[in-house]
Amino acid sequence: MEQHAQLGVDVELQPGREAVVGAAVATLWTDPEAVRPIDRPALATRTDIPAWISGMDSDQQVGDCVLSQLLLGERVLVTELRPDGWAHVVAVEQPAAKLDPRGYPGWLPADQLVPAEETVPADVAPLVLDASVSALRATPDGPVVLPGLILGTRLAAAGPARDGWRPVHAPGHAEPLWLPESHLAEPSATPPTAAEVLAVAQRLLDVVYVWGGVTAYGIDCSGLVHLAWRRFGVQLPRDADDQAAATVPLTLGDERPGDLYFFARPGRKIHHIGIVTAEPGSAGDRRMLHACYRRRRVLEEALPAERVATLVGAHRV
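Here is a short report on the structure shown in this document. (Residues numbered from 1 in each chain as written. Predicted model: local features only at pLDDT ≥ 70, side-chain atom pairs only at ≥ 80, totals over all residues. Heavy atoms only, no water.)

### Digging into the overall build of the protein
Using the following cut-off: Secondary structure is summarised from DSSP: a helix means a run of H or I of at least four residues, a strand means a run of E of at least two, and numbering begins at the N terminus for each. Accessibility here uses a 1.4 Å probe with only protein chains present; expressed as a share of the type maximum, an area under 20% marks a residue as buried, one over 50% as exposed, and anything in between as partly exposed. Only the protein chains shown count as covering a residue, and every accessible area follows the Shrake-Rupley method with a 1.4 Å probe. The positive count covers Lys and Arg only, the negative count covers Asp and Glu only, and His and the chain ends enter neither. Lysine's charge is taken at NZ, arginine's at CZ, aspartate's at CG and glutamate's at CD.
What the protein contains, in helices and strands, is 6 helices and 24 strands. Taking the principal axes of its C-alpha atoms as reference, the protein extends roughly 65 × 45 × 35 Å. Residue burial in the protein is summarised as follows: out of 317 residues, 51% are buried. Accessible area of the protein: about 13,600 Å², with a carbon and sulfur share of 52%. Within the protein, one finds 28 positive and 40 negative side-chain charges whose respective centroids are separated by 5 Å.

Structure below.
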């Protein structure tokens, strides 16, 4: 079993117990045997998601071996540990009712996890990463310890800011790490407005489409929605059909910016989602922001005819 001693005690990952992600981004895989040689940068203890994505061609970026991605500090339930270093987990913060009532199931390298016993106490002041991408450093403006932190990552304060830098606790690290104070926000006690969520999603314009992606380096349609609301502490399911079930249907024509459009082919389940960016026009024209599989990037556009033909509803979070 994997052992960790960063906080001065030996603690093991164990099936049936919770752990947290210790990598900046951990990718959730369908099966260890489905992993490709090109995926090596995403499998390291210190993942390099930009190198992973840039090393793939557009077809490899939509391979079906990837299920989702988890951010630093995200909780999982460990259900199996293999001798070859793989862990089967349930991502409890990514609801997926049709797959497992506990959360999204899949595989990841056990070295990307930290036993939950090593995390900081729950009464430490929480913070959330508001920058699209950031990095944790050993000292203010010092060497990078953990690059590639993603918008919406939750951290815990480790003291007051100093010269524009803030110390935080990070899973698997005994000493506080630092990042710019301007990259952080305090969680709000009130639900976000639709405009606030839309503004966050708009910061991801032109990000590459990656199947299963939930980062500012690569993202898919439901990942964009999940991440935008996650920034404000709202836990939406990971997949588009589950997101439809978890939100409130509207009469088409009543949607407003920040609401959601859902798409499905006749007789099929929902396969696509977008965020409404404008009130519908008098001629029924509509606009949305979405991670587009066909164009392989996040874009904002008027719904083309083929989208209009599969539009099955508008919902509100």
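### Concerning the state of the cysteines
We apply this condition: Only a pair of cysteine sulfur atoms within 2.5 Å counts as a disulfide in this structure description.
Scanning the model with the defined rule gives 0 disulfides in all. In this model Cys221 remains outside any disulfide bridge; the closest cysteine sulfur is found in Cys292, 9.5 Å from its own. Overall, Cys221 belongs to the buried group, its relative accessible area being 6%.

### Overview of the side chain of Ser134
For the record, the criterion: Under the rule applied, a polar contact is a pair of N or O atoms within 3.5 Å (in protein, one hydrogen donor and one hydrogen acceptor; residues adjacent in sequence only if both atoms are side-chain atoms). Whether two residues are in contact is decided by their heavy atoms, any of which lying within 4.5 Å being enough.
By secondary structure assignment, the location of Ser134 is in strand S11 (residues 133–137). We classify Ser134 as buried; its relative accessible area is 7%. Side chain to side chain, Ser134 and His183 meet in a polar contact 2.8 Å long. The contact partners of Ser134, leaving out residues within four places of it in the chain, are Leu129, Pro147, Gly148, Leu149, Leu179, Pro180 and His183.

### Some remarks on the pattern of salt bridges
The condition is simple: In what follows, salt bridge is the name for a side-chain nitrogen of Lys or Arg lying within 4 Å of a carboxyl oxygen of Asp or Glu.
As enumerated under the stated definition, the model contains 22 salt bridges in all. We note a salt bridge from Arg230 to Glu74, for which the minimum N-O separation is 2.9 Å. Remark: Glu74 occurs in the loop between strand S5 (66–71) and strand S6 (75–81) and Arg230 occurs in helix H4 (residues 221–230); sequence separation between them is 156 residues. The exposure class assigned to Glu74 is buried, which follows from its relative accessible area of 0%. Each of Lys98, Asp239, Asp241, Asp242 and Lys269 takes part in salt bridges that share partners, so that together they form one network.

### A word on helix H3 (residues 194–202)
Where we set the bar: Regarding the arc, it is the one traced by the directions from the helix axis to the C-beta atoms.
Those residues of H3 that fall on the buried side of the exposure criterion are Val197, Leu198, Val200 and Ala201. Angular distribution of buried residues about the axis of H3 spans 160 degrees; they occupy a single face of the element. Contact partners of the buried residues in H3: H4, strand S21 (272–276) and strand S22 (287–292).

### Remarks on the side chain of Thr215
Tracing the chain through its elements places Thr215 in the loop between strand S17 (208–209) and strand S18 (218–219). For Thr215, a relative accessible area of 0% puts it in the buried group. Within the structure, the side chain of Thr215 is placed 3.0 Å from the backbone nitrogen of Tyr217, a separation counted as a polar contact. The residues touching Thr215, leaving out its near neighbours within four places in the chain, are Val25, Ile49, Gln69, Ile150, Val207 and Leu227.

### Points about the packing of aromatic side chains
This is how the line gets drawn: What counts as a ring pair is set by centres within 6.5 Å for rings of Phe, Tyr and Trp (its six-membered ring), and what kind of pair is set by the plane angle: stacked under 30 degrees, edge-to-face over 60, tilted for all other angles. Only Lys NZ and Arg CZ are tested; either one counts as a charge over a ring when it is within 6 Å of the ring centre and within 35 degrees of the ring normal.
This model, assessed by the stated rule, comprises 2 aromatic pairs. Ring geometry for Trp29 versus Trp52: centroids 6.0 Å apart, planes at 70 degrees, classification edge-to-face. One end of the pair, Trp29, is in strand S4 (residues 25–29); the other, Trp52, is in helix H2 (residues 49–54), with 23 residues separating them in the sequence. You can call Trp52 buried: its relative accessible area is 1%. Judged by centre distance (5.6 Å) and plane angle (85 degrees), the rings of Tyr209 and Tyr293 are edge-to-face. One end of the pair, Tyr209, is in strand S17; the other, Tyr293, is in the loop between S22 and strand S23 (297–302), with 84 residues separating them in the sequence. Using a relative accessible area of 39% as the deciding quantity, one classes Tyr293 as partly exposed. Positioned over the ring face of Phe232 is Arg231, at 4.6 Å from the centre of the ring. Taking NZ or CZ as reference, Arg296 lies 4.6 Å from the ring centre of Tyr293, over its face.

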